[in-house]
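Fold and geometry: a report
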Amino acid sequence: MTVRLFPEFVSDSRHSSGRLFQSRFVYALILCFLGLELSPLSTAQAGEVELEHGTIIRGSLVPILGLTDTLAAKLEGDVPPQESARTFDGAPIYLVDDGMVRYFVPRRQVVRKNHDQELSRLETFKLPQRVTGRNQMLKTVGSYIDVTDFDEFGRRTVTLNTSKGNLPLLQGVTEITPQYLKVTGLKHQWDLGLRTTSIKEENLDAMLNRAIDQLNPNERIAVARFYIQAGLYLPAGKAFENIERDFPEYKDKIASYVTELRTLQSQQLLDELNQRRKAGQHRLAQNAIMKFPTDNVAQSILRQIREVQDEYHQQQEQIDKAQIRLGELEAEIEDPETRNLLQAYRREVMSQLSFETIGRLGAFLNLESDESLSAREKLALAYSGWIVGAANVVTDLNTALNLWTARAQVLEYLRSENEQLNDQMLETLGKLEGVSEAVVKQMIPLLPPILDAPVRDISNSFTVHVTDPNAEVPVSYSVLLPIEYNPHHTYPMIVALRPSTLDANSVLGWWGKYKKGPGQSQRRGYIVIAPEYLSKDQENYEDNVTAHYTVIESIRDARKRFNVDSDRVFLSGHGTGADAAFDIGMSHPDLFAGVIPIAGKTSAFNLHYWQNAKDLPFYIVGGELDRDTLEHNSLVINRMMRYGYDIIYAEYKGRGYESYYEEIHKLFDWMELHQRLKYPKEMEEKILRPIDNRFYWVRTENFPAQIMRPISYSGNQRIRARPVSLKVSIKLGNVIYVSSGGKINTLWLNPELVDFDKRLEVRIDGQRKFNDFLRPDMKAMLDDFKNRGDRQKLFDARLDFF
């Protein structure tokens, strides 16, 4: 295998041999059908911590003062001689060491810790290695040129790109655990770990066979148990079958292990089915249910499968009933004009009716047989629910038909650049009976896409060119959609920034492809976009305004073309892209639910902007031998951890500049636990660039001269310009206080922030600027939605202060 910068972009590190042996279990068949990529079984270690947001990290716990010895000394001064510079009782950071990765987490984020988590014995195997001439120590590890597979003796050759040319290095596996392999340099000092599930199954099997006596049934059983503990259920099943074949007298002895394996396999399939349902992949889930094994499966799991199956049957019955009843009720309408309208609307409903949309007709289906309601009232329930949702239905048919007219006007308004025409459409909306600003607000989450999505083949990525006529520079991005993408299903989104040495498809493939098939993002139901944020031949991220603009505009455009859950947009990056993710995330914290920099470095802007990320979670991944990354980043990250920000810093021992695909399951589990903060009532932000001027519901403009001119600096050199502070708070009494370095300030408001039924007072820099009642403004709401495409954060009013 030949690799360049990030080897895992080329070859999925969670390699599986693909050999599906004939077994008594149907598990393999379903697994293959789902395309399920195995994740390791969590096994207990010496301890664990649970973080406030719900993540649990297992390993040896050590309280530390700082991320590096140097930083700890700078921040704390002298420490008692009996204490390490990094470890100290009552320290603000926990280091959780799982043997392969050091996880740094803020002490304030820990809600539970346990130092006695040894619940089960893990099977481990030793491999003898001949180590000679370890006088040379690797201080950094850069690009991999080539990596061979491990042979049966646990040896491989890694070729590194160095300043002196290609350097081949021999490595050997010394210990195999269910979680990771301990690897050492055989002729140099280089100790590291690799996830067990990242090794090809045939290579892992060969090493294990070399480590045991094949004629010893107990050692064979230990290998099978090892596979169970590693979450590798297919090879575990094969191992037990071979044991029963070679040692039939051990059939009863292994019976309990086989039962445990069946239960774990079935639970894994059930979990995957539920994940697919959650992701809107209903066809796949239904087909998998039909093939789900029933022999020797726990009754509790079979009961859950039946419940899921019954739910699908009930929803299908509702779809069938809606199709029939809407036609029957329509036939009872005597007015030809009304009946023609209903026929047209019914065609749309029928063409889009699915498991994702049937909920809109919930009120109608609950009351369609109610004899106290007329046909017109029942149809009103159906057609109003389709536009504004089942919770907001009306029983007047004329009003319901007005909602369809209003939706058409709203879509035309959002798609038009003609201001005069837009004013006419607003006037038309205002005259429609039963259509208010509040009703349009209910309508927006259920609108079809504002812009067309150029989707040809959902299984592959494609490029989108932003068509905004007001765009300052050309903007484009690549997209990878989930399996069974449906514009009526709301999807979280990952914004993936590529390293400078690879193209957009590399990061899309990292998140969403697996051996040329669907990967984690496609299976879990995430949209992934890769903005083209670097200029041609640009090698380093330069904190430039163009990159910020490209990322922001790509996000806004994607929201308008696809059904994006704006509360769950995550910014990620590899290498150069991680450098950009640090900067862009802290500059625009209101856009993201979290930031995932992988093998990246913070910049001088982050030394000023780290406080902007008070409510922005970070999951940072890097390697111990990746340049001076940990010490460099600790200048910023240690401050954030000491203040208790929501951060996980994962440092792989003995690893260098890589893509760290081994962490991908943990990253998705972490993303499942996070949503963005939408409406903070207290904020204090730093601004050094004009583009970094909107936070949550406030925008400030017209800055002092030092903010308006470009800032130049080198590396992590401190920026000499003084940032502008934006301080905003909403206090009791319906009063907003704003302290701003900009001369122009704009506030977007809604009832989640202030009380529209009470007089609102706004004070800017100590002066009262507003003292009146707010009135919902349809134009303000639609213009802001047209600009940002954010269905989850809508504002009812806008106030401008000059």
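Coordinates for the structure precede this section.
All values reported here derive from a predicted model rather than from experimental measurement. (Residues numbered from 1 in each chain as written. Predicted model: local features only at pLDDT ≥ 70, side-chain atom pairs only at ≥ 80, totals over all residues. Heavy atoms only, no water.)

Quick notes on the sheet that holds strand 1 (residues 48-51)
Rule in force here: Pairing between two strands is assigned when DSSP locates at least 2 bridges connecting them. Every helix listed is a DSSP run of H or I at least four residues long, and every strand listed is a run of E at least two residues long, numbered separately from the N terminus. In this description, a line fitted to the C-alpha atoms serves as the axis of each element, helices being fitted only across the stretch in contact, and the angle between N-to-C directions of two axes falls anywhere from 0 to 180 degrees.
Sheet architecture is open: three strands sit in the order 2-1-6, paired in antiparallel fashion. This sheet does not close on itself; its edge strands, each paired only once, are strand 2 (56-58) and strand 6 (110-114). On average, each strand axis in the sheet is inclined to that of its neighbour by 15 degrees, with strand direction left out of account. Here strand 1 pairs with strand 2 via three bridges, running antiparallel. Opposite Glu48, over in strand 2, you have Arg58 as the bridge partner.

As for the environment of Ile450
Quick reminder of the rule: Contacts were defined at the residue level, with two residues in contact if any of their heavy atoms lie within 4.5 Å.
Note on placement: Ile450 falls in the loop between helix 15 (437-443) and strand 13 (462-465). Once the C-alpha coordinates of Ile450 and Lys560 are considered, the two residues, 110 residues apart in sequence, prove to be 5.1 Å apart. Apart from the residues within four sequence positions on either side, Ile450 is in contact with Leu414, Arg415, Lys560 and Phe785.

Quick word on the nonpolar core
In plain terms, the rule: In this description, a nonpolar core means a group of buried Ala, Val, Leu, Ile, Met, Phe, Trp, Tyr and Cys residues linked to one another through side-chain atoms lying within 4.5 Å. Each residue gets one of three labels from its accessible area relative to the maximum for its type: buried under 20%, exposed over 50%, partly exposed in between, using a 1.4 Å probe on protein chains only.
In terms of nonpolar packing, the biggest core is built from 88 residues, with Trp697 and Ile736 touching the most fellow members. When residues of this core are assigned to their parent elements, the largest contribution, six residues, is made by helix 18 (residues 545-561). Membership of the second largest hydrophobic core comes to 63 residues, among which are Ile333, Ile358, Leu397 and Val440.

Notes on unusual backbone geometry
Unusually for a residue other than glycine, Glu484 sits at a positive phi of about 55 degrees. Locating Glu484 in the fold gives a position in the loop between strand 14 (476-480) and strand 15 (491-497). Look at Arg627: it is not a glycine, yet its phi comes out positive at around 50 degrees. Relative to the helices and strands, Arg627 is located in the loop between strand 21 (618-623) and helix 21 (629-642).

Observations regarding the packing of aromatic side chains
Cut-off, in case you're wondering: Note on aromatic contacts: the rings of Phe and Tyr and the six-membered ring of Trp form a pair at centre separations within 6.5 Å, being stacked when their planes are under 30 degrees apart, edge-to-face when over 60 apart, and tilted otherwise. Two conditions define a charge located above a ring, namely a distance within 6 Å from the ring centre to NZ of Lys or CZ of Arg, and an angle within 35 degrees of the ring normal.
Following the criterion strictly, the structure yields 23 aromatic pairs and no others. With a centroid separation of 6.0 Å and an interplanar angle of 15 degrees, the aromatic rings of Phe582 and Phe618 are classed as stacked. On the criterion of sequence distance, the pair formed by Phe582 in helix 19 (residues 576-587) and Phe618 in strand 21 is long-range, its members being 36 residues apart. Comparing Phe582 with Phe618, the two get one shared label, buried. Aromatic rings pair up to connect Trp510, Trp511, Tyr526, Tyr661 and Phe668 into one cluster. One Lys or Arg, Arg407, reaches over the ring of Trp404 and ends 4.9 Å from the middle of that ring. Positioned over the ring face of Phe605 is Arg689, at 3.8 Å from the centre of the ring.

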